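Take a look at the letters that make up each chain.
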Amino acid sequence: EDLVCFRDIRPSAPHHYLVVPVEHLGSCKTLRTEHLPLVKRMMEVGRAVLQKNNVSDLNDVRMGFHWPPFCSISHLHLHVLAPASQLGFLSRLIYRLNSYWFIT
């Protein structure tokens, strides 16, 4: 009811979803301690969508936020990618674990 999930228009993995809160939040930079339950729910929704779409290896998943100015939309959205092992070279850079531009 407070989150929406849909496929990314330019998928970087066989399963690439965006989990978006209905309430407007500018980016992960605007998140505060009180948003922790929201972020946890976003991750739970991401995992649930993957399971619903028969992704069995939840250890081969990458979830995270792009840090401004490296995000193309100024509305908070969690990237959910699986299997992470199938990311191409460029996608591995764009969705690099705990990089300056992608926060996991």
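Conventions and cut-offs
- Residues numbered from 1 in each chain as written.
- Predicted model: local features only at pLDDT ≥ 70, side-chain atom pairs only at ≥ 80, totals over all residues.
- Heavy atoms only, no water.
- UniProt positions renumbered as here; feature names shortened; annotations may be inferred.
- Phe/Tyr/Trp six-rings, centres within 6.5 Å; stacked < 30°, edge-to-face > 60°.
- Buried < 20%, exposed > 50% of the residue type's maximum accessible area, 1.4 Å probe, protein only.

Going by the annotation in an unreviewed UniProt entry, the name recorded for the protein is Adenosine 5'-monophosphoramidase HINT3, with Pedionomus torquatus given as the source organism. Of the comments in the UniProt record for the protein, the one headed Sequence similarities (unreviewed entry) reads "Belongs to the HINT family." According to UniProt, the comment filed for the protein under the heading Catalytic activity (unreviewed entry) is "adenosine 5'-phosphoramidate + H2O = NH4(+) + AMP".

The next subject is the packing of aromatic side chains. Scanning all chains against the criterion turns up 3 aromatic pairs. Judged by centre distance (5.3 Å) and plane angle (85 degrees), the ring pair of Tyr-95 and Phe-102 falls under edge-to-face. Taken individually, Tyr-95 and Phe-102 each receive the classification buried, so the pair is uniform in this respect. Put simply, the rings of Phe-70, Tyr-100 and Trp-101 touch in pairs and so form one group of aromatic residues.

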